[in-house]
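Next come the chains, spelled out residue by residue.
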Amino acid sequence: MASASAPALLRRLGLFSATALVISNMVGTGIFTTTGFLAGDLGKPWLVLGIWVVGAIIALAGALSYSELGVNFPASGGEYVYLTRAYGPTLGFMSGWVSFFAGFSAPVATAALAFSNYLGYFFPPLRQENIWFRRTWGEIGIEAGGAQAAAAALIFLFTVLNLFGVEFIARIQNTLTSIKVLVMIAFIAFGLAVGNGDWSHLRQAAERTSTAPLAAQFALSLFWIYVGYSGWNAATYVAEELKRPERTLPLALTIGTVIVTVLYLLFNVVFIYAVPLERMKGVLAIGSLTAQALFGPEGAAIFSALLAVSLMSTVNAMVTIGPRLYYAMARNGAFLPSAGYVHPKWRTPVVAILFQGACAMLMTLVNFGNLMTYIGYLLNLFAMLAVASLLWLRRRPDWQKLPAVSFAFPLVPMLFVVPGVWLVIAGLRFAPVISAAAGATLVSGALVYRYRVLPKLKQETGRLP
């Protein structure tokens, strides 16, 4: 458990930086890679656009619910803090354990792999399909190649940069986020204004590649959409470094989620305007494909480079946020004690940053599709439990209620909880191997808590937490 005299995190992040963190954490892997897979899975343009709308509603409901949780529990750690307060330390620890693997390390890996694929427009050996080694066991697979090497190098770079202080990395993040938003706006504006597209593509269906019933596939595809919108809760992980968190946190979560929702919907309209679904089926670097159709080879080169830079922003945002969760857990004796170490000069959780970087680099070896489904399944489960806790936490007499959540309560949290339950059931039925991997992560977390963390806490405090 952290010493009371140990260096602490400082409140240095304002609304712009917090919102930038949300936007950067959301915009990335999902929007730049998912639509090509949705084209084959769903087959109809209106379903592809519709699933992004459904995802937006769920994400906004989650952001509003987390805003209220964050105002009442203004400590770094996100779900770990909320679930510990609502359900007890065991589930709180398991959420942090899962976040280490599925919440941050795996998403960092997928964003870095997507970066490699966009860079592959210029250097074909870096594309996902040009791998050196692949091994599969049923649905699960690992692979190694230029994409994995470039992804690991990018993770290493930002891991090192994040060691040198939150203000330093915030300046880098604000710059990368500004570039990302400007690139997306330019892509949308120029694509619709001067791009060589065709509105008839919005009426052209594609032959489905999925054999699952359409309703079941819609649920499974929502895992990918959930990953695309994940990050709406990003500012909750740095709550202790926010200026005026009671004001900054709700605004950052809401503004960031609304901006990203508008960008996502317009981006997908441009994708389909540029290329019919049949041509984009299974394409990972969907931005490069559609940019070439809209602007030709020169335009595609420019936007491929800019989209690669945009993905750098996503990697950096998650490398920044994740270690703050492990720091919060370690400070409470619920994670490896070294993760609670704050460098006396840089004031960053250096061990937690390095630990996450190493895990993310290893995860670049896991098949991209496996990672996306695994991430979506576990993130949905714990976020759903956190939002559901509002149903009874709001009964506390000192609870601060936000008007947006109070409207027709419990409408807002239920807009998040009900689809979450549906996703869990669909995953168990139609993605059993990935669900089993998610279950193994949960069981391992419970065992670590029971046999490693709990005895240590009892020894230090003389009683169970």
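Throughout, residues of each chain are indexed from 1 in the direction in which the sequence is written. Only residues with pLDDT of 70 or above have their local features reported here, since the model is predicted, and side-chain atom pairs are shown and tallied only from 80 upward, although totals for entire chains, interfaces and linings are computed over all residues. To get the side-chain values, all heavy atoms of the structure are used, and hydrogens and water are removed first.

### Here's the deal with the overall build of the protein
Put simply, DSSP H or I for four residues or longer makes a helix, DSSP E for two residues or longer makes a strand, and each gets a number counted from the N terminus. Counting its regular elements, the protein contains 18 helices and 2 strands. A radius of gyration in this sense is built from C-alpha atoms; the matching globule rule multiplies 2.2 Å by the number of residues raised to 0.38. Compactness check: the protein gives a C-alpha radius of gyration of 21 Å against a globular reference of 23 Å for 465 residues, within 12% of the reference. Viewed in the frame of its principal axes, the protein has a C-alpha envelope of about 65 × 45 × 45 Å. Split into buried and exposed, the 465 residues of the protein put 60% on the buried side. We call two residues in contact when some of their heavy atoms are within 4.5 Å. In the protein, 80% of the contacts between residues at least 6 apart in sequence involve partners at least 24 apart. Accessible areas in this description were obtained via Shrake-Rupley with a 1.4 Å probe; residue shielding takes into account the shown protein chains only. In the structure as shown, the protein presents an accessible area of about 17600 Å², 67% of it carried by carbon and sulfur atoms. A gap of 9 Å separates the mean positions of the 30 positive and 16 negative side-chain charges of the protein. Whether a residue is buried, partly exposed or exposed follows from its accessible area with a 1.4 Å probe, protein chains only, as a fraction of its type maximum: under 20%, in between, or over 50%, in that order. Only four residue types enter the tally: Lys and Arg on the positive side, Asp and Glu on the negative side; His and the chain ends are excluded. A single reference atom marks each charge: NZ on Lys, CZ on Arg, CG on Asp, CD on Glu.

### A word on the nonpolar core
For our purposes a nonpolar core is just a set of buried Ala, Val, Leu, Ile, Met, Phe, Trp, Tyr and Cys residues, chained together by side-chain atoms within 4.5 Å. With 144 residues, the main nonpolar core has Trp52, Tyr66, Trp232, Tyr264, Phe267, Phe335 and Phe416 as its most contacted residues. For tryptophan 232, the residues in contact, after removing those within four places along its chain, are Val22, Met26, Ala59, Gly62, Ala63, Tyr66, Tyr226, Leu253, Thr257, Ala383 and Phe416.

### So, the pattern of salt bridges
Here a salt bridge means any side-chain nitrogen of Lys or Arg lying within 4 Å of a carboxyl oxygen belonging to Asp or Glu. All chains considered together, the criterion is met by 3 salt bridges. With its nearest N and O atoms 2.6 Å apart, the salt bridge here joins glutamate 68 to arginine 394. Here glutamate 68 is found in helix α4 (residues 45–72), whereas its partner arginine 394 is found in the loop between α15 (390–393) and α16 (403–406), with 326 residues between them in sequence. Judged by relative accessible area, which is 0%, glutamate 68 ranks as buried. One salt bridge connects lysine 281 with glutamate 278, and the closest N-O pair in it is separated by 2.8 Å. By relative accessible area, which is 22% here, lysine 281 ends up partly exposed.

### Some details on the pairing of strand β2 (residues 140–145)
A regular strand places its side chains on the two faces of the sheet in alternate fashion. The alternating pattern of β2 places Gly141, Glu143 and Gly145 on a buried face and Ile140, Ile142 and Ala144 on a face that is not buried. Any two strands with at least two DSSP-identified bridges between them are counted as paired. Note that strand β1 (residues 131–137) and β2 share 6 bridges and pair antiparallel. Along β2, the bridge assignment pairs isoleucine 131 with glycine 145.

### Concerning the environment of glycine 322
Positionally, glycine 322 belongs in helix α12 (residues 286–331). Here glycine 322 is in contact with Phe104 and Gln356, once residues within four sequence places are set aside.

### Here's the deal with the packing of helix α5 (residues 79–87) against helix α6 (residues 89–119)
Viewed as axis vectors pointing N to C, α5 and α6 meet at an angle of 160°, and their least axial separation amounts to 7 Å. Accordingly, the angle class assigned to the pair α5 and α6 is roughly antiparallel. Of the two possible hands of crossing, α5 and α6 adopt the one that is right-handed. Counting all contacts with α5, which are made through Glu79, Tyr80, Leu83, Thr84 and Tyr87, the residues of α6 involved are Pro89, Leu91, Gly92, Phe93, Ser95 and Ser99. Each residue belonging to the contact of α5 with α6 can be placed in one class, and the counts come to 6 nonpolar, 4 polar and 1 charged. Angles here are taken between N-to-C directions and fall from 0 to 180 degrees, while the axes themselves are lines fitted to C-alpha atoms, restricted in helices to the stretch in contact. Roughly parallel means an angle under 35 degrees; roughly antiparallel, over 145; roughly perpendicular, 65 to 115; everything else is oblique. Left-handed describes a crossing in which the near helix is turned anticlockwise from the far one by less than a right angle; the clockwise case is right-handed. Ten residues, namely Ala, Val, Leu, Ile, Met, Phe, Trp, Tyr, Cys and Pro, are considered nonpolar, four, namely Asp, Glu, Lys and Arg, are considered charged, and the remaining ones, Gly among them, are considered polar.

### Comments concerning the confidence of the model for the protein
A score from 0 to 100, pLDDT tells how confident the predictor is in each residue. On average, residues of the protein carry a pLDDT of 84, and 93% of them reach 70 or more. When pLDDT is averaged over each element of the protein, helix α7 (residues 146–161) comes out on top at 94 and helix α1 (residues 15–26) at the bottom at 78. When the criterion is pLDDT under 50, residues 1–5 qualifies, and its contacts beyond four places in sequence or with other chains add up to 8 contacts.

### Focus on unusual backbone geometry
Cis geometry is adopted by the peptide bond preceding proline 410, which originates at phenylalanine 409 and carries an omega value of 10°. Within the element layout of this structure, proline 410 appears in the loop between α16 and α17 (411–430). One non-glycine residue, alanine 408, lies in positive phi territory at about 50°.

### Let's talk about the packing of α6 against helix α13 (residues 350–363)
Interaxial distance between α6 and α13 falls to 8 Å at its minimum, and their mutual angle equals 65°. In this structure, α6 crosses over α13, and the sense of that crossing is right-handed. Touching Phe100, Phe101, Phe104, Ser105, Ala106, Val108 and Ala109 of α6 are Phe355, Gln356, Cys359, Ala360 and Met363, all from α13. Residues that form the contact of α6 with α13 fall into these classes: 10 nonpolar, 2 polar and no charged.

### Description of α4
Taking 1.5 Å per residue as the helical rise, α4 with its 28 residues ought to reach 40 Å, and the 41 Å between its terminal C-alpha atoms agrees with that figure. The buried count for α4 comes to 21 of 28 residues, which makes it a mostly enclosed element. Expected helix span is computed as 1.5 Å times (number of residues minus one).

### What about the packing of aromatic side chains?
For Phe, Tyr and Trp, rings pair up if their centres lie within 6.5 Å, where Trp contributes its six-membered ring, and each pair is then called stacked (planes under 30 degrees apart), edge-to-face (over 60) or tilted (otherwise). In this structure the tally under the stated criterion is 27 aromatic pairs. A ring pair is formed by phenylalanine 267 and phenylalanine 271, whose centres lie 5.1 Å apart and whose planes are at 70°; its orientation type is edge-to-face. Highlighted residues: phenylalanine 267 and phenylalanine 271, both in helix α10 (residues 245–274), separated by 4 residues, approximately one helical turn. Taken individually, phenylalanine 267 and phenylalanine 271 each receive the classification buried, so the pair is uniform in this respect. Taken together through their ring pairs, the aromatic side chains of Phe32, Tyr118, Phe187, Phe267, Phe271, Phe295 and Phe303 make up a single cluster. Charge over a ring is defined by NZ of Lys or CZ of Arg lying within 6 Å of the ring centre and within 35 degrees of the ring normal. Sitting above the plane of the phenylalanine 409 ring, arginine 394 keeps its charged end 4.4 Å from the centroid. When the ring centre of tyrosine 451 is taken as reference, the NZ or CZ atom of arginine 450 above it lies at 5.1 Å.

### Re a nonpolar patch on the surface
Every patch collects residues that have over 30% relative accessible area and no salt bridge, joining them within 9 Å if they carry like charges and within 5 Å if they are nonpolar side chains (Val, Leu, Ile, Met, Phe, Trp, Tyr). A cluster of nonpolar residues, Trp132, Phe133, Trp137, Ile142, Leu362 and Leu365, forms a patch on the protein surface that exposes about 670 Å² of accessible area. Element by element, the count of residues in the nonpolar patch is highest for β1, at 3 residues. When you line up the elements, isoleucine 142 lands in strand β2.

### With respect to the side chain of threonine 364
Along the chain, threonine 364 falls in the loop between α13 and α14 (368–388). With near-sequence residues (within four places) excluded, threonine 364 lies in contact with Ala109, Leu113, Glu143, Gln148, Ala151, Ala152 and Ile155.

### Quick word on the environment of glycine 333
Following the sequence through the fold, glycine 333 ends up in the loop between α12 and α13. When the C-alpha atoms of glycine 333 and alanine 63 are compared, they prove to be 28 Å apart, with 270 residues separating the residues in sequence.

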